[in-house]
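Inside the fold
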Amino acid sequence: PFQIFLRRLRAKRIFSDIEPPYTVAHQGITGFKWPEGSQVGVLLTHDVETSRGFDQIKSMLEVEREHKVESCWNFVAGKYAIPEGIIDEIRALGHEIGVHGIKHDGKLFSSYETFTVRLKEMKRFAFLNGIHGFRSPSMLYNSNMMRSLDFSWDSSMPAWDPFQPQQGGCRSYFPFMLNQNCVELPVTLWQDFTVFEELQMDYIDVWINQISYISEIGGLINVITHPDYMNRSRLRHYSELVSHIKKNCDAWITTPNVMADWVRSTLVAR
């Protein structure tokens, strides 16, 4: 509780100096053309950080079923027991699974040795479970180390997020090639934990402002929500978010691996 209290003080201090649309000037591809003539690409992603996150998966899946959208669920490979059959159940509904590190302890990039050892463990977990992509725990990243990632996609870099332990970001609201094969899919909306827990908002105005900006430049809308912190109010807000995107954006809503395959083929063609 004391840590949360301090994070709230920090977040509100940071937020007081930021004005809508709560973004920074983008650096990326101009004239980006999404499939089917869509104006924006959309990724709905969920990071399951603790075992209690599994309690809310079904309720979030139900929201997505109602809105007829697909998402990606990122699991920590070595921190908790993954319920038997849950990966197959989620995938059977059309959703994707990603790997969210091994321990979620903030040490993945503490040294090249640690990164190499854990990357090997993550690749083994990915191989056993048919997983193609990765998101770093706590949105920590090291650009030099990550150039060796041999996943199909990575989604560890925020476009811009001043609230994370590693502040800043890649300043891109568009996908780009992290290396020859791995596509970076930047996280472009602030996380639900920031909006609802740290800033203590009971509405999604921040997300709506960010979506408006991203839509204007034709970028990628990529949001992280956590089932671990989900409650009835936040579930309603998540449904409002998806509904807003579907009603107000000419959007291609897909999963990370599908988007990464399309980006690779598109950028190579250029």
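Residues numbered from 1 in each chain as written. Predicted model: local features only at pLDDT ≥ 70, side-chain atom pairs only at ≥ 80, totals over all residues. Heavy atoms only, no water.

**Digging into the overall build of the protein chain**
- Within the protein chain one finds nine helices and nine strands.
- For a compact globule of 270 residues, the expected C-alpha radius of gyration is about 18 Å, and the protein chain comes in at 17 Å, within 12% of that figure.
- Per-residue burial over the protein chain gives 56% buried out of 270 residues.
- In the protein chain, the proportion of contacts linking residues at least 24 apart, taken out of those at least 6 apart, comes to 76%.
- Of the roughly 12,200 Å² that the protein chain leaves accessible, carbon and sulfur atoms contribute 50%.
- Within the protein chain, one finds 28 positive and 31 negative side-chain charges whose respective centroids are separated by 3 Å. (Helix = DSSP H or I, 4+ residues; strand = E, 2+ residues; numbered from the N terminus. Rg over C-alpha atoms; globule rule 2.2 N^0.38 Å. Buried < 20%, exposed > 50% of the residue type's maximum accessible area, 1.4 Å probe, protein only. Contact = heavy atoms within 4.5 Å. Areas by Shrake-Rupley, 256 points an atom, 1.4 Å probe, with all protein chains shown as cover. Lys, Arg positive; Asp, Glu negative; His and termini not counted. Charge placed at Lys NZ, Arg CZ, Asp CG, Glu CD.)

**Observations regarding the pairing of strand β1 (residues 40-48)**
- In terms of residue burial, β1 counts as a mostly covered element, since nine of its nine residues are buried.
- The alternating pattern of β1 places Val 40, Val 42, Leu 44, His 46 and Val 48 on one face and Gly 41, Leu 43, Thr 45 and Asp 47 on the opposite face, and all of these are buried.
- The pairing of β1 with strand β9 (residues 251-254) spans four bridges and is parallel. When the bridges of β9 are listed, Val 42 appears paired with Ile 253.
- As defined by bridge partners, β1 adjoins strand β8 (residues 220-225) across six bridges and the pair is classed as parallel. Counted as the bridge partner of Thr 45 is Ile 224 from β8.
- Alignment of β1 against strand β2 (residues 72-75), held across four bridges, turns out to be parallel. Residue Val 48 lies in a different strand from β2, and its bridge partner there is Phe 75.
- On the question of chirality, the crossover connecting β1 to the parallel β2 by way of helix α2 (residues 57-67) is right-handed. (Pairing = 2+ DSSP bridges. Right-handed = clockwise from strand over helix to strand, strands pointing away.)

**What about unusual backbone geometry?**
- The omega torsion across Pro 20 and Pro 21 is 15 degrees, close enough to zero to call that bond cis.
- One can find Pro 21 in the loop between α1 (2-15) and β1.
- Residue Lys 68 is not a glycine yet carries a positive backbone phi of 60 degrees.
- Assessed through its relative accessible area of 74%, Lys 68 is described here as exposed.

**Quick notes on the packing of α2 against helix α8 (residues 232-248)**
- It is the contact of α2 with α8, at a shortest axis distance of 10 Å, that shows an interaxial angle of 25 degrees. As judged from the angle between their axes, α2 and α8 are roughly parallel. In this structure, the crossing between α2 and α8 has a hand that is right-handed. Contacts between α2 and α8 involve Ser 59, Met 60, Val 63, Glu 64 and His 67 from the former and Leu 235, Tyr 238, Ser 239, Val 242, Ser 243 and Lys 246 from the latter. (Axes fitted to C-alpha atoms, helices over the stretch in contact; angles between N-to-C directions. Parallel < 35°, antiparallel > 145°, perpendicular 65-115°, else oblique. Left-handed = near helix turned anticlockwise from the far one by under 90°.)

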